[in-house]
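# Remarks on the overall topology
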Amino acid sequence: MAIYREKDIFERRNAANEAKKALLERFKAKPAADDPAVLARQAERKAILEARAIREAEKARLKQEKLAREAAEKAEREAAAEAARIAAEEAAAAEAKIREAEEAERIARLLADEAERKAKRDARYAARKARVGRQPPGFSAR
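For the protein, the name recorded in an unreviewed UniProt entry is DUF6481 family protein, with Mesorhizobium album as its organism.

## Some details on the overall build of the protein
For the protein, the count of helices and strands is two helices and zero strands. The C-alpha radius of gyration of the protein comes to 56 Å, more than 25% above the 14 Å expected for a compact globule of 142 residues. Once the C-alpha set of the protein is aligned to its principal axes, its extents read approximately 170 × 55 × 20 Å. In the form shown here, the protein has an accessible surface area of approximately 13500 Å², with 59% of it arising from carbon and sulfur atoms. Of the side chains in the protein, 36 bear a positive and 28 a negative charge, and the two mean positions are spaced by 7 Å.

## Observations concerning a positive patch on the surface
Among the surface-exposed residues, Arg-121, Arg-124, Arg-128, Lys-129 and Arg-131 lie close enough to one another that they form a single positively charged patch. Tracing the chain through its elements places Arg-131 in helix α2 (residues 36-133).

## Regarding the pattern of salt bridges
Inspection of the entire model under this criterion finds 10 salt bridges. The salt bridge involving Arg-85 is made with Glu-89; its shortest N-O contact spans 2.4 Å. Pair noted here: Arg-85 and Glu-89 are both in helix α2, with a separation of four residues, about one helical turn. Residue Glu-89 is classed as partly exposed on the basis of its relative accessible area, which comes to 46%.

## Quick notes on the environment of Ile-107
In this fold, Ile-107 is placed in helix α2. Among the residues examined, Ile-107 registers a relative accessible area of 40% and is labelled partly exposed. Expressed as a C-alpha distance, the spacing of Ile-107 and Lys-97, which sit 10 residues apart in the sequence, is 15 Å.

## As for the environment of Glu-18
Tracing the backbone through its elements, the reader meets Glu-18 in helix α1 (residues 9-29). Note on Glu-18: relative accessible area 55%, which makes it exposed. C-alpha of Glu-18 to C-alpha of Glu-90: the two residues are 72 residues apart in sequence and 95 Å apart in space.

Basis of the calculations
- All residue numbers here refer to positions counted from 1 along the written sequence of the relevant chain.
- Where local features are concerned, this predicted model is filtered to residues with pLDDT of at least 70; where side-chain atom pairs are given and counted, the filter is 80 or more; whole-chain, interface and lining totals use all residues.
- The basis for every side-chain value is the complete set of heavy atoms in the structure, and neither hydrogens nor water enter the calculation.
- Segments assigned H or I by DSSP are reported as helices when at least four residues long, segments assigned E as strands when at least two residues long, and all are numbered from the N terminus.
- Every radius of gyration here is taken over C-alpha atoms, with the globule rule written as 2.2 Å times N^0.38, N being the number of residues.
- We get accessible surface area from the Shrake-Rupley algorithm with a probe of 1.4 Å; when it comes to residues, only the shown protein chains can shield them.
- We score Asp and Glu as negative and Lys and Arg as positive, and we do not count His or the chain ends.
- Every charge is mapped to an atom, namely NZ of Lys, CZ of Arg, CG of Asp or CD of Glu.
- Each patch is assembled from residues with relative accessible area greater than 30% and no salt bridge, linking like charges that lie within 9 Å and nonpolar side chains (Val, Leu, Ile, Met, Phe, Trp, Tyr) that lie within 5 Å.
- Put simply, a salt bridge is a Lys or Arg side-chain nitrogen that is within 4 Å of an Asp or Glu carboxyl oxygen.
- The buried label goes to any residue with under 20% of its type's maximum accessible area, the exposed label to any with over 50%, and the partly exposed label to all in between, with areas taken from a 1.4 Å probe on protein chains only.

And the structure:
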């Protein structure tokens, strides 16, 4: 069985010093700002950012076009709906006029029929009066 042994202060200090040296070496090994590889990476990043900006601008333009197109379609639908409503109102008004004319015609027919019945009744009454007035003398009507 292995016994766990803690590192003493000297071992920890040496490990920290080695880590610092490694970090310093890595920093020194870092290429300079005018290194062709660094410049190439910077150019690549710049190209990516420019392409992203172009895509975002295109996306915004397409969105604006879509919103404008939807607004135009909505206005067109609303205009069509308004035209249909006006046409329906005109049709309803025309139907109402036709119904009113039919009702007036029916009333006129009823009045004409009533006048005709009254004329027939008056004629019958006059005929009866005429018959009653022509009876022979000595005939009494009971």
